[in-house]
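# Tertiary structure, described
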Amino acid sequence: MCFLSLRIIWIGFGCDTAAVVDILAHRDYNQRSLIQHEYKSMYGEDLGNRLKSELSGSLEKAVLAWMPDPAARDATMLSRCFTGEVINLRAATEIICSRTPSQLQQVKQVYHARFNTYLERAIQCQASGDHMKLLLALLTKPRYEGPEVDRALADHDAKALYKAGEKKLGTDEAKFIKIFSESSRAHLAAVSYAYHNMYSRSLKKVIKNETSGLFEYALLTLLQCAENPGKYFAKVLHDAMEGIGTNDSTLIRVIVTRAEIDMQYIKQEYRKKYGKTLNDAVKSETSGHYQSFLLALLGPNH
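Reading the values: the criteria
Residues numbered from 1 in each chain as written. Predicted model: local features only at pLDDT ≥ 70, side-chain atom pairs only at ≥ 80, totals over all residues. Heavy atoms only, no water. UniProt positions renumbered as here; feature names shortened; annotations may be inferred. Helix = DSSP H or I, 4+ residues; strand = E, 2+ residues; numbered from the N terminus. Rg over C-alpha atoms; globule rule 2.2 N^0.38 Å. Buried < 20%, exposed > 50% of the residue type's maximum accessible area, 1.4 Å probe, protein only. Contact = heavy atoms within 4.5 Å. Areas by Shrake-Rupley, 256 points an atom, 1.4 Å probe, with all protein chains shown as cover. Lys, Arg positive; Asp, Glu negative; His and termini not counted. Charge placed at Lys NZ, Arg CZ, Asp CG, Glu CD. Patch = residues over 30% accessible without salt bridge, like charges linked within 9 Å, V, L, I, M, F, W, Y side chains within 5 Å. Salt bridge = Lys/Arg side-chain N within 4 Å of Asp/Glu carboxyl O. Phe/Tyr/Trp six-rings, centres within 6.5 Å; stacked < 30°, edge-to-face > 60°. Lys NZ or Arg CZ within 6 Å of the ring centre and 35° of its normal. Disulfide = S-S within 2.5 Å. Axes fitted to C-alpha atoms, helices over the stretch in contact; angles between N-to-C directions. Parallel < 35°, antiparallel > 145°, perpendicular 65-115°, else oblique. Left-handed = near helix turned anticlockwise from the far one by under 90°. Nonpolar A, V, L, I, M, F, W, Y, C, P; charged D, E, K, R; others polar.

As named in an unreviewed UniProt entry, the protein chain is Annexin, taken from Kalanchoe fedtschenkoi. Under the UniProt heading Sequence similarities (unreviewed entry), the entry covering the protein chain gives this text: "Belongs to the annexin family."

Pasting the structure below:
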């Protein structure tokens, strides 16, 4: 059994890190959950604590991020974004704006249970202005998650955004917040399509011209995840590895959180846009067991 193997690989001196990587990287969440439960039952210690004591660096961060269920993982990441030594509002915005309404509701529940405070309160303490208003609206307003779209309503919202932005001196940010926080992904994609047809301009460019900062980033994340989340995360990963050095926290966050959701689509979009496979990019930017773990999560290099 896997939990027996994990016990064996660190009995004696040192830890067989390659074996830890091989076991955990190839188990889905249900299997990982069972391993953790049985390990605690058989050996009286928490597997996460043991992993933390045996591993280090980026590998430790990646493995520990991989172990929880998605809601607990997101809640923990958000807590670190809002209360860590370095406040990371950009990462928090990515997480909140790229999750579905049902996923956000689960994250809110876990966040409150685990950290004894409301996620909304953390946002109010660290974010501000229209950025804060949008994040709070996403957490509190119900949104449809199905594929059906009312084309007439999409046209109506496209016109409303035009009047709130390009047609207006200044920008009616409240209108952008209302439409983006209340729209399903399918509807928002339809609004973007309608906007381009009506005004021969992409809604993405309009957002860049009419807004700025983290508010702009939040709107763009919502829009791009509505239209093509695979393409969005491919760019996030590319930016994390571009230039000198690698943003390992971003690399870990995206690969770990998307591995069991849409990684194959992200890999397709990455190769299409950047002319190389995501596996090859990660391989060139990482090394050792950390590299092996991330590559295992990515799957075969087709």
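Still more to cover.
With that settled, the discussion passes to the overall build of the protein chain. Secondary structure assignment for the protein chain yields 20 helices and zero strands. Over its C-alpha trace the protein chain gives a radius of gyration of 21 Å, about what one expects of a compact globule, namely 19 Å for 302 residues. Residues counted as buried form 47% of the 302 residues belonging to the protein chain. Contacts in the protein chain between residues at least 24 apart in sequence constitute 67% of all its contacts with a sequence separation of at least 6. As presented, the protein chain carries roughly 14,900 Å² of accessible surface, and 50% of it is formed by carbon and sulfur atoms. Of the charged side chains in the protein chain, 39 are positive and 34 negative; the average position of the first set lies 3 Å away from that of the second.

Time to look at unusual backbone geometry. A negative phi angle characterises most non-glycine residues, just as the trans form characterises most peptide bonds. The backbone of N116 shows a phi angle near 55 degrees, a positive value even though the residue is not glycine. Assignment of secondary structure puts N116 in the loop between α8 (101-115) and α9 (119-126). The backbone phi angle of S200 is positive, close to 55 degrees, even though this residue is not glycine. If you trace the backbone, S200 turns up in the loop between α13 (185-199) and α14 (203-210).

Once that is clear, we can look at a positive patch on the surface. Taken together, K204, K205, K208, K231 and K273 make up a surface patch of like positive charges. The leading source of residues in the positive patch is α14, at three residues. In this structure, K273 sits in helix α18 (residues 263-274).

A complete count under the given rule lists eight aromatic pairs for this structure. When the centroid spacing of 4.0 Å and the interplanar angle of 10 degrees are considered together, the rings of Y162 and Y199 count as stacked. A residue pair is termed long-range when its members are at least 10 positions apart, and Y162 in helix α11 (residues 151-164) and Y199 in helix α13 qualify at 37 residues. For Y162, a relative accessible area of 24% translates into the label partly exposed. Y199 gets classed as partly exposed once you look at its relative accessible area, which sits at 23%. Chaining the aromatic ring pairs together yields one cluster made of Y162, Y195 and Y199. One Lys or Arg, R32, reaches over the ring of W66 and ends 3.7 Å from the middle of that ring. Sitting above the plane of the Y217 ring, R90 keeps its charged end 3.8 Å from the centroid.

As for its placement among the helices and strands, T17 is situated in helix α2 (residues 17-25). Between the C-alpha atoms of T17 and L64, which are 47 residues apart in sequence, the distance is 14 Å.

Applying the stated rule across the entire model yields zero disulfides. Residue C97 stays outside any disulfide, its sulfur separated by 8.1 Å from that of C225, the closest cysteine. A relative accessible area of 2% places C97 in the buried class.

For any two helices packed against each other, one specifies the inter-axial angle together with the distance between the axes. Between helix α6 (residues 70-83) and helix α7 (residues 89-98), whose axes approach to 8 Å, the crossing angle comes to 150 degrees. Here α6 is positioned roughly antiparallel relative to α7, judged by the angle of their axes. When you trace α6 past α7, the crossing you get is left-handed. For the pair α6 and α7, the contacting residues are D74, M77, L78, C81 and F82 in the first and L89, A91, A92, I95 and I96 in the second. Classifying every residue of the contact of α6 with α7 by side-chain character gives nine nonpolar, no polar and one charged.

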